[in-house]
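# Geometric and topological summary
So you can see what is in the structure, the chains are spelled out below.
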Amino acid sequence: MCWQGTRFFWGRIAGHLRAPNHVWRFQVSEAVQESELEELLAEYDKEVSTPTPELDGDAPRELKVRPSVSDVVFKSSAFLAGIITVAIMLAVGLFLSIRAADAIGTAGFSFLTEVQWSPETQKFGILAVLFGTVTIAVIAMCVSVPLALGTALLISEITRGKLQQWLITLVDLMAAVPSVIFGLWGVFYLQANVIPVAQWISTYFGWIPFFAVTGENGEVLTEASAFTSSAFIAGIVVGLMVVPTQTSVMREAFSQTPPGEREAALALGSTRWVMISNVVLPFGRGGIIGGTMLGLGRALGETIAVYMIISPIFEINWQVLKTGTNSVSALIALRYGEASDFSLSALMAAGLALFLITLVINFTASSIVARSRSGAESEA
Amino acid sequence: MSTTELLEPMPSAGPSPDADDITVELPARRAGATQIPDVTGVEEGPRRTLRGVRVEDAFNVLGALVAAIATASLFFGWIAPLTGIAGWIAVAFLLFIGLYAFLVSLTSDWQEVKDRVWTVLIVSAGVILVGALAFVVVYTFVRGKDALPHLNLFTQTMEFAGPLDPLTEGGIFHAIVGTLIQIGIALAVTIPLGIVTALFLNEVGGKFARFVRTIADAMTALPSIVAGLFVYAAVIVLITQQRSGFAASIAITVMMLPIVIRTSDVVLRLVAGSLREAAYALGASRWRTVWHVVLPTARSGLVTAVILGTARGIGETSPVLLTSGVTAVANFNPFDGPMISLPLQVFDFVRSPEPNMIARGFGAAAVLLILVLALFAIARLIGGSGAGQLTPRQQRAAAERSKRDVIRMSPTGPVRNGQRWIDQDIPSPITEIEEQ
């Protein structure tokens, strides 16, 4: 029996590398005295412990980087370019704010509540024009979002190979077409041919307040002249203009759906549409919302097509099919020419308001896309 | 399964004397060879079709389409007092969806009907979009065909032509010149500034670079009219007191710069990090890495970014409207006097009630469209491949260079036991095993 003539004691080895707090059991012969145990433990400790390295004056090395001349030149010119870019952008923002402060200071809070626009008589406000801008943008969204969703799904889910490439090219091409061309089409083709549709809608859906077309005394108007140059027509044209942007963002989001999840749905026996609605669309939710908001931002700022189509009025018009609406950019294009100093300041205030709204929408869109599952790796 | 069944012995793997199965005699195994069982005497079953489109699917679509068109024509022509082509299209489309759903439901279950109807809806969204674009483009060309064939459209200006003059007089030469000069100045500023800023964002980085990126993204939200208003108030009213092509160039630059920066940034980010690190590891300085590795790899993408920004800048009307004004004479000096551009000329022409002016406007619009489409086509051709990907011709050239390098480094090729490897007859290890 190995225990005969021995006894055990327990102790810790503080300098042990891996187990400094472990309680070890030691076996010593009975002849060892109690008082010697401490000494023995200390000796054993010293034998088995890992020695702590002595750091005498050892400090992290200082890494000196001595860039070459070409590197210095490159870095400073890159910095310079960045500074110039920021300077240009900030100059635009600051100049607008400073010049607009004049008008906003005079108008005060009524800038947001006044519908008239006559800076000469100090009575001006963007409520009417902003309402018109938003109306046109909302109609544009109603037109563009279904088209963009459908086309994005078509490109990413249903078509393959060459046809897919062609469709992507075609949609990008549509984004490059100048807005004045859409404006021409809107004025010369759509005005005449959409009026019967607008009349039909107001006849059969006139019980909804938005679609009614009534005159001053509340009488229902049916002649074609009451339907021209309306927010409806402008909204359709602007909607077609923003579809390519939305389609690109949504398509990128959809094409990043993990193939594993797609195949899992198909392997469980679902049809393609069920796979799309259960896997692709929830995954691409961020891309859908982000793309929609990017298109909304663009629709709010559209100038020349809206200017060519609408007939400007300065009151809030809830009836989208009726003639007469306005938008901030059309207002600026209309009034800049005969603007005095103060009127110019008022116009800049309106422009600044539009810029801020578009900025907020764009930033929200970017953050939604970046935070979503689909946007994490895309560069939208 | 009840417990008693579980306790019964599992059926054995080999053939039992009572079983009525087919036993196949396998020939003796040979190492390294795949065995295909002998199938003489086994009947071939019917071949399964795995293709997507069946004949009856095509007929379903075709039949529903024809029936919908016929019924809609019936409604609009004879039965109901409905008018208008838009209504006809809408009714025909709705009927098509309904009839197609009905036809599919005759042979399939609800899930497949839903699937096919949604597929048809998605395809129609794409068709509507492509159709609308094609319509807009074709409409412009069709309305412009009166003015386009006249050569004076491209060589004369409107200096001596008025609204009542026929199409054989007057042209848009001054607008074309104006567009080219304004875009030229804008590009001369935007290309270096934009690309170097994108390089700054990607190569140098840091907190300031993040700030610059945020600002550049914010500026893409700037409406074009506000950019024009800024230049109008800052440059024209304050400094020069007159409209000029240069002011229009500034406005176009402010519009183009954020777009070029953003797309170049994306393209430069796509350059593989391993390429940069390889260059650094070989001792290249930062500038040499950028010049010899990053820029050539991203060249096609950068060209695409610039061309797309140019196409966008050419089509901008509102900044030019505010800063450079409408004029009828050709102005070659960007610093003095108003200079009109092509989209602005289109806008100005169509505001007049004279049919000749409207025809000229559509002609100018057609020229603008051709210009933008040509730029776009060039961008697609040049930038078709991604960063670092070579066209087939470039791949062949790279292969040729590699072959020449191999011959230069070792004229005989790899050598084994004093003999050229390609000359030696080295037996395959598989053959050696077989011989054992």
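This write-up is about the structure you can find in this document. Source: prediction; values computed, not measured.

A count of helical and extended segments in chain B gives 17 helices and two strands. Per-residue burial for chain B yields a buried fraction of 40% across its 436 residues. In chain B, the proportion of contacts linking residues at least 24 apart, taken out of those at least 6 apart, comes to 67%. Of the roughly 25,100 Å² of accessible surface on chain B, 64% is carried by carbon and sulfur atoms.

On to the pattern of salt bridges. Residue and element names in this part refer to chain B. In this structure the tally under the stated criterion is 12 salt bridges over all chains. With a shortest N-O distance of 3.3 Å, glutamate 316 and arginine 312 are connected by a salt bridge. With a relative accessible area of 32%, arginine 312 lands in the partly exposed category. One salt bridge in this structure joins aspartate 348 and arginine 351, with 3.9 Å as the shortest N-O distance.

Attention now goes to the packing of helix H9 (residues 272-283) of chain A against helix H4 (residues 110-144) of chain B. Interhelical geometry of H9(A) versus H4(B) gives an angle of 70° and a closest axis separation of 7 Å. On the basis of the axis angle, H9(A) is roughly perpendicular to H4(B). Counted together, A:Arg272, A:Trp273 and A:Val274 of H9(A) and B:Gln111, B:Asp115, B:Trp118, B:Thr119 and B:Ile122 of H4(B) form the full contact between these two elements. By residue class, the composition of the contact of H9(A) with H4(B) is four nonpolar, two polar and two charged.

In this section: the interface of chain B and chain A. Between chain B and chain A, the contact holds 80 residues from the first and 75 residues from the second. In total, chain B and chain A occlude about 7,100 Å² of area from one another, counting both sides; carbon and sulfur atoms represent 83% of this. At the boundary of chain B with chain A, the tally comes to zero salt bridges. Counting across the interface, chain B meets chain A through six residue pairs in polar contact (both at pLDDT 80 or more). Examining the composition of the side of chain B that touches chain A, we find that 18 residues originate from one element, H4(B), more than from any other. Taken together, the residues of the side of chain B that touches chain A break down into 59 nonpolar, 12 polar and nine charged.

Let us now look at helix H11 (residues 286-297) of chain B. For H11(B), built from 12 residues, the straight-helix expectation of 16 Å at 1.5 Å per residue is met to within 8% by its first-to-last C-alpha distance of 15 Å. Residues of H11(B) that are buried include every one of B:Thr289, B:Val290, B:Val293, B:Val294, B:Leu295 and B:Thr297, and no others. Close packing links the buried residues of H11(B) with helix H2 (69-107) of chain A together with helix H6 (173-204), helix H9 (245-269), helix H10 (273-281) and helix H12 (299-314) of chain B.

A contiguous nonpolar patch, built from B:Val55, B:Phe59, B:Leu62, B:Leu65, B:Val66 and B:Ile69 and spanning about 580 Å² of accessible area, is present on the exposed surface. In this fold, B:Phe59 is placed in helix H2 (residues 55-79).

Another point: the packing of aromatic side chains. Summed over the entire model, instances satisfying the criterion amount to 27 aromatic pairs over all chains. Taken together, a centroid distance of 5.5 Å and an interplanar angle of 15° make the contact between A:Phe79 and B:Phe208 stacked. Highlighted residues: A:Phe79 in helix H2 and B:Phe208 in helix H7 (residues 207-219), drawn from two different chains. Taking 5.6 Å as the distance between ring centres and 40° as the angle between the ring planes, the aromatic pair formed by A:Tyr307 and B:Phe347 counts as tilted. Within this pair, whereas A:Tyr307 is found in helix H11 (residues 304-309), its partner B:Phe347 is found in helix H14 (residues 342-350), the two belonging to separate chains. Side by side, A:Tyr307 and B:Phe347 carry an identical accessibility label, which is buried. These aromatic residues form a ring-pair network of at least three members: A:Trp185, A:Phe188, A:Tyr189, B:Phe135, B:Tyr139 and B:Phe362.

Looking now at empty space enclosed by the protein. Residue and element names in this part refer to chain A. Evaluated as defined, the whole model comprises eight cavities of 30 Å³ or more. Taken as a whole, the largest cavity encloses approximately 60 Å³ of empty space. In this structure, the largest cavity is lined by 13 residues; those nearest its centre are Gly132, Asn317, Gly324, Thr325 and Asn326. Counting residues per element, the lining of the largest cavity draws most heavily on helix H4 (residues 127-158), at four residues. Per-class residue counts for the lining of the largest cavity are five nonpolar, seven polar and one charged.

A word on a negative patch on the surface. A contiguous patch of negative charge, built from A:Glu36, A:Glu39, A:Glu43 and A:Glu47, is present on the exposed surface. Tracing the chain through its elements places A:Glu39 in helix H1 (residues 34-48).

With respect to the helices and strands, the residue A:Thr358 is situated in helix H13 (residues 341-371). Ignoring any residue separated from it by four or fewer positions in sequence, one finds A:Thr358 in contact with A:Gly297, B:Ala221 and B:Pro223.

Once that is clear, we can look at the side chain of A:Gln319. Residues and elements named next belong to chain A. Mapped onto the elements, glutamine 319 comes out in the loop between H11 and helix H12 (328-335). Judged by its relative accessible area of 14%, glutamine 319 falls in the buried class. Beyond its immediate chain neighbours, meaning those up to four positions away, glutamine 319 contacts Pro209, Phe210, Ala212, Val213 and Thr214.

On to H12(B). For H12(B), built from 16 residues, the straight-helix expectation of 22 Å at 1.5 Å per residue is met to within 8% by its first-to-last C-alpha distance of 22 Å. Within the sequence span of H12(B), burial applies to B:Ser300, B:Gly301, B:Leu302, B:Thr304, B:Ala305, B:Val306, B:Ile307, B:Gly309, B:Thr310, B:Ala311, B:Gly313 and B:Ile314. Against helix H5 (161-176) of chain A together with H6, H9, H11, H14 and helix H15 (355-382) of chain B lie the buried residues of H12(B).

The rules behind each value
Residues numbered from 1 in each chain as written. Chains lettered and ligands numbered in written order. Predicted model: local features only at pLDDT ≥ 70, side-chain atom pairs only at ≥ 80, totals over all residues. Heavy atoms only, no water. Helix = DSSP H or I, 4+ residues; strand = E, 2+ residues; numbered from the N terminus. Buried < 20%, exposed > 50% of the residue type's maximum accessible area, 1.4 Å probe, protein only. Contact = heavy atoms within 4.5 Å. Areas by Shrake-Rupley, 256 points an atom, 1.4 Å probe, with all protein chains shown as cover. Salt bridge = Lys/Arg side-chain N within 4 Å of Asp/Glu carboxyl O. Axes fitted to C-alpha atoms, helices over the stretch in contact; angles between N-to-C directions. Parallel < 35°, antiparallel > 145°, perpendicular 65-115°, else oblique. Nonpolar A, V, L, I, M, F, W, Y, C, P; charged D, E, K, R; others polar. Buried area = accessible area lost by both parts, 1.4 Å probe. Polar contact = N/O pair within 3.5 Å; in protein donor to acceptor, adjacent residues only side chain to side chain. Expected span 1.5 Å × (residues − 1). Patch = residues over 30% accessible without salt bridge, like charges linked within 9 Å, V, L, I, M, F, W, Y side chains within 5 Å. Phe/Tyr/Trp six-rings, centres within 6.5 Å; stacked < 30°, edge-to-face > 60°. 1 Å grid on protein atoms, 1.4 Å probe; cavity = no way out; pocket = protein on both sides within 12 Å on 5 of 7 lines; lining within 4 Å. Points joined across faces, edges and corners; volume = space filled by probe spheres on them. Lys, Arg positive; Asp, Glu negative; His and termini not counted. Charge placed at Lys NZ, Arg CZ, Asp CG, Glu CD.

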